[in-house]
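# Per-entry structural report
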Amino acid sequence: MQPFALNYARPAAELEFVTPYAYDSGRQLNVLFDGRIAARDHALLRELGTTTSTAGSKTHFDD
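Residues numbered from 1 in each chain as written. Predicted model: local features only at pLDDT ≥ 70, side-chain atom pairs only at ≥ 80, totals over all residues. Heavy atoms only, no water.

Now for the overall build of the protein. Check the secondary structure of the protein and you find one helix and two strands. Sequence-ordered secondary structure for the protein, helices as α and strands as β, is β-β-α. Counting contacts in the protein only where the partners sit at least 6 residues apart, residues at least 24 apart contribute 21% of the total. As displayed, the protein has an accessible area near 5500 Å², and 55% of this comes from carbon and sulfur atoms. (Helix = DSSP H or I, 4+ residues; strand = E, 2+ residues; numbered from the N terminus. Contact = heavy atoms within 4.5 Å. Areas by Shrake-Rupley, 256 points an atom, 1.4 Å probe, with all protein chains shown as cover.)

Structure (structure tokens):
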């Protein structure tokens, strides 16, 4: 017996998006390409909502 939801489930669409920041392991922060701390860029935070680190768990955020 196949669960009902599997009849309608579809894979999520892949979005092509490049994050404007990268993880700096020395500083243990996400930094913009010009070296500024990503979490201090208010325009970036308004646009993305957060600067989730890709270095570890996706549940940890830069403060």
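Next comes the rest of the write-up.
Within the fold, Asp34 resides in the loop between strand E2 (29-32) and helix H1 (42-48). Note on Asp34: relative accessible area 53%, which makes it exposed. Taking the C-alpha atoms as reference, Asp34 lies 9.1 Å from Tyr21; in sequence the two are 13 residues apart. Among the polar contacts listed, one links the side chain of Asp34 to the side chain of Arg36, at a separation of 2.9 Å. (Buried < 20%, exposed > 50% of the residue type's maximum accessible area, 1.4 Å probe, protein only. Polar contact = N/O pair within 3.5 Å; in protein donor to acceptor, adjacent residues only side chain to side chain.)

Turning next to the pairing of E2. With four bridges joining them, strand E1 (residues 21-24) and E2 adopt antiparallel strand pairing. For Asp24, the partnering residue across the bridge sits in E2 and is Leu29. (Pairing = 2+ DSSP bridges.)

What follows concerns the pattern of salt bridges. Across all of its chains, the model carries two salt bridges by this definition. Ionic pairing is found between Arg36 and Asp34, a salt bridge with its closest N-O pair at 2.9 Å. Of the charged contacts in the structure, one is a salt bridge between Arg36 and Asp41, with a shortest N-O distance of 3.6 Å. Taking the relative accessible area as the measure of exposure, Asp41 reaches 15% and is therefore buried. One continuous salt-bridge network, built from bridges that share partners, spans Asp34, Arg36 and Asp41. (Salt bridge = Lys/Arg side-chain N within 4 Å of Asp/Glu carboxyl O.)

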